[in-house]
Every structure is written in structure tokens, then in C-alpha cells.
Amino acid sequence: MYSTNMLTKTDAAGLLAQRSAPGGISAVRLSGPEDAAEALTFLASRPIHTVNLRGFIRDNGLNSPLNRGSFYGFRNAQGRLEGVALIGHATLVEARTDRALEALARKAQEVSDETHMIMGERERVEEFWNYYAEDGRRPRLACRELLLELRRSVTDQKQVRNLRPATLADLELILPVQAAMAEEESGVNPLVKDPEGFGRRCARRIEQGRTWVLV
């Protein structure tokens, strides 16, 4: 974006973070390998809370239709990240400062008209929504989930008979189950709205070894 060699990367990032937005706040697109490495480092300081964001980057990179959205970041005047978000079908946000949260919410308002779900910590999502929905729009549904962490090793492990990794031969059994789970949480049945895309995503999870079945 800047063609002059008088600006360092840090200087340019600082300028990008301060121009062309209300109050001098702006989020910028993350796209290159350096951005990916920096975003993963930023997100690694809270690995449990950012597992989904890191998973998208590690699985697909920053630029992939499989993300169903685009990655954006907010940098302070020193060029350091204060927030990272995937903005698209599912919008996930990790913001360390209020100004980063505001910048990412305004960017979501600007670039995405297909946001289906916003995920994050309750307080931060509520703050994000206040910026994002300034026109008075209301959420269709608000859900809460508990994040649990196991802090000790499991010593008593019992084998579950017939539990096994799924194969593509199981796909027709898996599709309606996963669709029902999605509909229960979001109110939208992906088998009705996007059957081909949903089928591809379920098949990919099977191929990645992330789906298990008990028939």
C-alpha cells in the first residue's frame, strides 16, 4: 500500500492503524506469511480462548475460501497487534484493547453483510455488538456456552466399544446429525441452506481425523 522506502514496516503499520476511520481508528487486512506468523504469536498468549482462530490459520492460512471470511488486525502506533478477527460467515474476535475491539467491529460493519454468527467472550461480544449494530439492529438469537479446561491428566481411561474415527463411508450418517446440532444452536439448517458446501466441510473434517462415530 505504501511505495516509499522511507517507511519501515513498523512505521507503515502505525500509519495504517491511524488513518481513514472515525477517531483515527482502523483495522487492516492480514494476508501475508509474516502476518500469519504474527497473528499466531499474538493469539498464542491465550491459547484456550483463541483455539478456533488459530485453527483456521493453521488449517487454511489467512487467505482461503475455507475460512468463509477474511482476517483483519488492529495495530497500535508502534505497529504491534492489539486485535485479530476473522470477519465473515462466522465472526471471531480477539481484542486486547477497547480501541481494537471498536476498530474490528466497524470493519465488520463495513465489509461483511453475510455475518451469521459472532463468537467470543460474553462481555466482549456485547461490546462488539454495540459498535457493530449502531443502526439499531437486534441479534436474532443469543446463546451462551461454558468453556471448560482440564488441568490434570486423566488416569482412568476406559475404552468405549465401537467408538472409532469416522470414514467417508459414514458421511451420510453424519450429515443429518451435524446439521441438527447446527440448527439447534443457530436456527438455520445447513443441509437446507447450503447442502453442497456443508457436505464438503463435513467430509473435510472426516479426512482430517476430527470426527468420531459410535454407530
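So, a few notes on the structure that sits alongside this text.

Parameters at a glance
- Residues numbered from 1 in each chain as written.
- Predicted model: local features only at pLDDT ≥ 70, side-chain atom pairs only at ≥ 80, totals over all residues.
- Heavy atoms only, no water.
- Pairing = 2+ DSSP bridges.
- Helix = DSSP H or I, 4+ residues; strand = E, 2+ residues; numbered from the N terminus.
- Contact = heavy atoms within 4.5 Å.
- Axes fitted to C-alpha atoms, helices over the stretch in contact; angles between N-to-C directions.
- Expected span 1.5 Å × (residues − 1).
- Buried < 20%, exposed > 50% of the residue type's maximum accessible area, 1.4 Å probe, protein only.
- Arc of directions from axis to C-beta.
- Core = buried A, V, L, I, M, F, W, Y, C linked by side-chain atoms within 4.5 Å.

Strand order in the open sheet formed by five strands is β1-β2-β3-β4-β5, and the pairing between neighbours is mixed. The outermost strands of the open sheet, each flanked by one partner alone, are β1 (28-29) and β5 (117-119). Across the sheet, helix α2 (residues 33-43) touches β1, β2 (69-75), β3 (81-88) and β4 (90-95), and the angle it forms with β3 is around 110 degrees. Contacts from helix α4 (residues 98-111) reach β2, β3 and β4 within the one sheet, and its direction differs from that of β3 by about 25 degrees.

The terminal C-alpha atoms of α4, which comprises 14 residues, lie 20 Å apart, in line with the 20 Å expected from a rise of 1.5 Å per residue. Among all positions of α4, only A100, L101, E102, A103, L104, A105, K107 and A108 are buried. Residues of α4 that are buried in the fold lie against β2, β3, β4 and α5 (122-132).

With that settled, consider helix α3 (residues 51-60). Every buried residue belonging to α3 is among L53, R54, I57 and N60, and all of these are buried. Taken end-on, α3 shows its buried residues confined to a sector of 165 degrees, consistent with a single buried face. Structurally, α3 contributes buried residues whose contacts are with α2, β2, β3, β4 and α8 (195-207). Within two residues after α3, G61 carries a phi angle of roughly 80 degrees, on the positive side.

Moving on to the nonpolar core. If you look at the biggest cluster of nonpolar residues, it comprises 15 residues, and the most contacted ones within it are V93, L104 and F128. Elements represented by at least two residues in this core include exactly β2, β3, β4, α4 and α5. If one sorts the elements of this core by residue count, α4 sits on top with six residues. What F128 contacts, discounting residues up to four positions off in sequence, is T91, V93, L101, L104, A105, A108 and I118. In this structure, F42, L43, L86 and L92 belong to the second largest nonpolar core, which totals 14 residues.

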